[in-house]
Amino acid sequence: MTDVTGAPADVLHTLFHSDQGGHEQVVLCQDRASGLKAVIALHSTALGPALGGTRFYPYATEAEAVADALNLARGMSYKNAMAGLDHGGGKAVIIGDPEQIKTEELLLAYGRFVASLGGRYVTACDVGTYVADMDVVARECRWTTGRSPENGGAGDSSVLTAFGVFQGMRACAQHLWGDPTLRGRRVGVAGVGKVGRHLVDHLRADGAEVVITDVRADAVRRILDRHPAGVTAAADTEALIRTEGLDIYAPCALGGALDDATVPALTARVVCGAANNQLAHPGVEKDLADRGILYAPDYVVNAGGVIQVADELHGFDFDRCKAKAAKIFDTTLAIFARAKEDGIPPAAAADRIAEQRMAEARAH
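For clarity, every value in this text was computed on a predicted model and none was experimentally measured.

Cut-offs and rules
- Residues numbered from 1 in each chain as written.
- Predicted model: local features only at pLDDT ≥ 70, side-chain atom pairs only at ≥ 80, totals over all residues.
- Heavy atoms only, no water.
- pLDDT = per-residue confidence, 0-100.
- Contact = heavy atoms within 4.5 Å.
- Core = buried A, V, L, I, M, F, W, Y, C linked by side-chain atoms within 4.5 Å.
- Buried < 20%, exposed > 50% of the residue type's maximum accessible area, 1.4 Å probe, protein only.
- Helix = DSSP H or I, 4+ residues; strand = E, 2+ residues; numbered from the N terminus.
- Pairing = 2+ DSSP bridges.
- Patch = residues over 30% accessible without salt bridge, like charges linked within 9 Å, V, L, I, M, F, W, Y side chains within 5 Å.
- Areas by Shrake-Rupley, 256 points an atom, 1.4 Å probe, with all protein chains shown as cover.
- Salt bridge = Lys/Arg side-chain N within 4 Å of Asp/Glu carboxyl O.
- Arc of directions from axis to C-beta.

*Asks:* Would you mind showing me how to read the confidence of the model for the protein chain here?
*Replies:* Reading predicted coordinates in detail is not appropriate for stretches of low pLDDT. Mean pLDDT over the protein chain stands at 93; residues scoring 70 or higher make up 95%. Taken together, the stretch residues 1–6 has pLDDT below 50 and engages in eight contacts with residues farther than four places along the chain or on a different chain.

*Asks:* Looking at this structure, I do not really get the nonpolar core. What am I missing?
*Replies:* If you look at the biggest cluster of nonpolar residues, it comprises 69 residues, and the most contacted ones within it are Ile40, Tyr110, Met169, Val189, Leu199, Leu203 and Ile212. Counting 19 residues, the second-largest nonpolar core is a separate cluster that includes Leu258, Ala265, Leu266 and Ala347.

*Asks:* Explain unusual backbone geometry to me, please; I cannot follow it from the model alone.
*Replies:* Leaving glycine out, the prevailing phi sign among residues is negative, and the prevailing peptide bond configuration is trans. Its identity as a non-glycine residue notwithstanding, Asn277 has a phi of 50 degrees, on the positive side. Mapped onto the elements of the fold, Asn277 is located in the loop between β11 (270–271) and α11 (284–290). Exposure remark for Asn277: the relative accessible area of 28% places this residue in the partly exposed category.

*Asks:* I'm lost on the pairing of strand β10 (residues 248–251) in this one. Help?
*Replies:* In regular strands, side chains alternate between the two faces of the sheet. Alternating residues of β10 divide into Ile248 and Ala250 and Tyr249 and Pro251, and every residue in both groups is buried. As defined by bridge partners, strand β7 (residues 186–190) adjoins β10 across four bridges and the pair is classed as parallel. Across the sheet, residue Val187 finds its bridge partner in β10, namely Ile248.

*Asks:* Whenever I open this one, a nonpolar patch on the surface confuses me. Can you help?
*Replies:* A cluster of nonpolar side chains, contributed by Tyr57, Val127 and Leu254, occupies part of the molecular surface with about 250 Å² of accessible area. Here Val127 is to be found in the loop between β6 (121–122) and α5 (131–137).

*Asks:* Can you help me understand helix α8 (residues 217–226) in this one?
*Replies:* Residues spaced three or four apart along an α-helix face the same direction, because each turn holds 3.6 residues. Of all the residues in α8, the buried ones are Ala219, Val220, Ile223 and Leu224. For α8, the buried positions fall inside an angular range of 135 degrees around the axis, keeping them on one side. Away from its buried face, by an angle of more than 90 degrees, α8 presents the exposed residues Ala217, Arg222, Asp225 and Arg226. Check the buried side of α8 and you find it contacts α7 (196–205), β8 (209–213) and β9 (231–233).

Spelled out as structure tokens, the structure:
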């Protein structure tokens, strides 16, 4: 079923009527010459220009791409609010396999669409896009972050993303065990790519034992070569989450890692990882709480990257960014305290705090 525009009716219903909607603006972009098809979704600009990355992914349908853009943009509003940034939430998705269709012409065309929003949306890297891509986009759009240092940017944001997740884990340890160290703890990391590999470095430096898995054998091998002691590999994610003696599980790959199948199988007392949208559907946060598993909301602990790209707009300073990312420790503890006070799961507590900040901004 479609409406008069030809768009799937369920997408428009999501945009205008559902709790997942409430977006200010959604832009459908097409450049036939380069093959670009993209969706830019702005969820909120209450706190400032919407900030969020560009995902380049071979979606099965256009409707799936729009739905993902809406969901990711909404998540960025909450992430930026909890990170204390003066930015709202936005996200863009480019439809297609980046290995097949990504060209300079396509990225330049995309940059022109972002520029046409006049600064309401600031873009950056995400799945399928990299620093080199942002350098190209920036040639057409000054509201581009995640660029290379040679082009006035901060470069790879995964370093501070991992640092922030580590601070979140320290807060979990403080809350649960009364000591903000991972020494002697066993941590399972699912996904050791851009962020996960840096997280393993932090964990080993703090004295944790680490169990890793990744769909790419070469990624696992690199970590094992880098850390010949204290790191072992599980066969796959299913084996990892069932590992006996696991204290913390860190999903660091794609979203939806916590669902009706994985939550009952978890052996860990804590879930704290870098992946976005870890909760597969509403209600999973309660399932975790009912099992006595402490969940550190993903958009809170993985905010180090967005803190970095936001800082790039003001002349990047790594030490300033690292100091801001270190505050993820305090923010995570505050969420756990609010959750206990209100008698709700930490994910719901984080949402309440973020919504309060956005509402106060709108009121002024």
